[in-house]
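Breakdown of the fold
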Amino acid sequence: MQLFLDTTDTATLRALAETGLVDGVTTNPTLIAKSGRNMTEVIAEICEIIQGPVSAEVTAVEAAAMIKEGEKLAAIAPNVVVKVPLTVEGLKAVQTFSQSGIMTNVTLCFSALQALMAAKAGATFVSPFVGRLDDHGAEGMGLIQEIRTVFDNYDFDTEILVASVRSLSHLKEAVLIGADCATLPPSVFQDMFKHPLTDRGLDAFLADWAKTGQSIL
Ligand code: E4P
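The structure reproduced in this document is the subject of the present report. On a predicted model such as this, the values are computed, not experimentally measured, just so you know.

The geometry of helix α1 (residues 10-17) relative to helix α3 (residues 39-49) is characterised by a closest axis approach of 10 Å and an angle of 10° between their N-to-C directions. On the basis of the axis angle, α1 is roughly parallel to α3. Along its contact with α1, which presents Thr-10, Leu-13, Arg-14 and Ala-17, the element α3 presents Val-42, Glu-45, Ile-46 and Ile-49. Residues that form the contact of α1 with α3 fall into these classes: five nonpolar, one polar and two charged.

Right, dumping it as structure tokens:
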């Protein structure tokens, strides 16, 4: 399971990258707007911090314009993944990127059949948005299971990148289903390390150790 961070906050990203456990980054136009920075600069900085896949999203809606934008984004760094919306135009662009060896992440996926079309177009990643489906009254994690089945049935190489993750339970279910990757808000990534019994157990061990008066070094 590859763990990506869904953020344009480079200070937080630098701190969390020190864990050695961040495999990639995703961004979207909302996150770029939130950063208040020039898109090219922020994507270039993220690509220096994290050597794994870094998704940068096109904002054109027609294939020809998406291709031009995607080529510009892909030129920022070799680890840029061009993020494209799951539309007919988007999937036309994905086929072109795929032929020219540019990695793609097809975003805003809300059904197994949409994911099938993204895989047939040659997407490197497809991003089903589980949190937004839950918000809509549907079962977000059910979609991950369905896409896993579709991709396994037909041996697609496209990786399932679970997106719009809101909680540790989303992530746990994604791991149990066998999704390939998940992109997490930094707070969810940080929460993964925590358990109250770990803290309590460590406090007790350290207190008992102190009573011995020993030192290992
Ligand atoms: C992923 O690629 C998206 O940027 C992100 O996960 C969307 O999450 P949200 O639904 O919390 O905005």
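Still to come is the rest of the account.
The next thing to look at is the pairing of strand β3 (residues 54-57). Strand residues, when the strand is regular, have side chains that alternate between the two faces of the sheet. Judged by which residues are buried, β3 turns out to be covered on both faces: Val-54 and Ala-56 on one side and Ser-55 and Glu-57 on the other are all buried. With two bridges joining them, strand β2 (residues 24-26) and β3 adopt parallel strand pairing. Bridge pairing in β3 places Val-25 opposite Val-54. Relative to strand β4 (residues 80-85), β3 is paired through four bridges, and the arrangement is parallel.

In this section: the packing of aromatic side chains. Tallying each qualifying case throughout the model produces five aromatic pairs. Where Tyr-154 meets Phe-156, the ring centres are 6.4 Å apart and the plane angle is 45°; that geometry is what we call tilted. Classification of Tyr-154 by relative accessible area gives exposed; the value is 58%. Between Phe-189 and Phe-193, the ring centres sit 5.4 Å apart and the planes meet at 75°, which makes this aromatic pair edge-to-face. The buried category is assigned to Phe-189, whose relative accessible area is 1%. What makes Phe-193 partly exposed here is its relative accessible area of 48%. Through successive ring pairs, a cluster of aromatic residues spans Phe-151, Tyr-154 and Phe-156.

Reading the values: the criteria
- Residues numbered from 1 in each chain as written.
- Predicted model: local features only at pLDDT ≥ 70, side-chain atom pairs only at ≥ 80, totals over all residues.
- Heavy atoms only, no water.
- Axes fitted to C-alpha atoms, helices over the stretch in contact; angles between N-to-C directions.
- Helix = DSSP H or I, 4+ residues; strand = E, 2+ residues; numbered from the N terminus.
- Parallel < 35°, antiparallel > 145°, perpendicular 65-115°, else oblique.
- Contact = heavy atoms within 4.5 Å.
- Nonpolar A, V, L, I, M, F, W, Y, C, P; charged D, E, K, R; others polar.
- Buried < 20%, exposed > 50% of the residue type's maximum accessible area, 1.4 Å probe, protein only.
- Pairing = 2+ DSSP bridges.
- Phe/Tyr/Trp six-rings, centres within 6.5 Å; stacked < 30°, edge-to-face > 60°.

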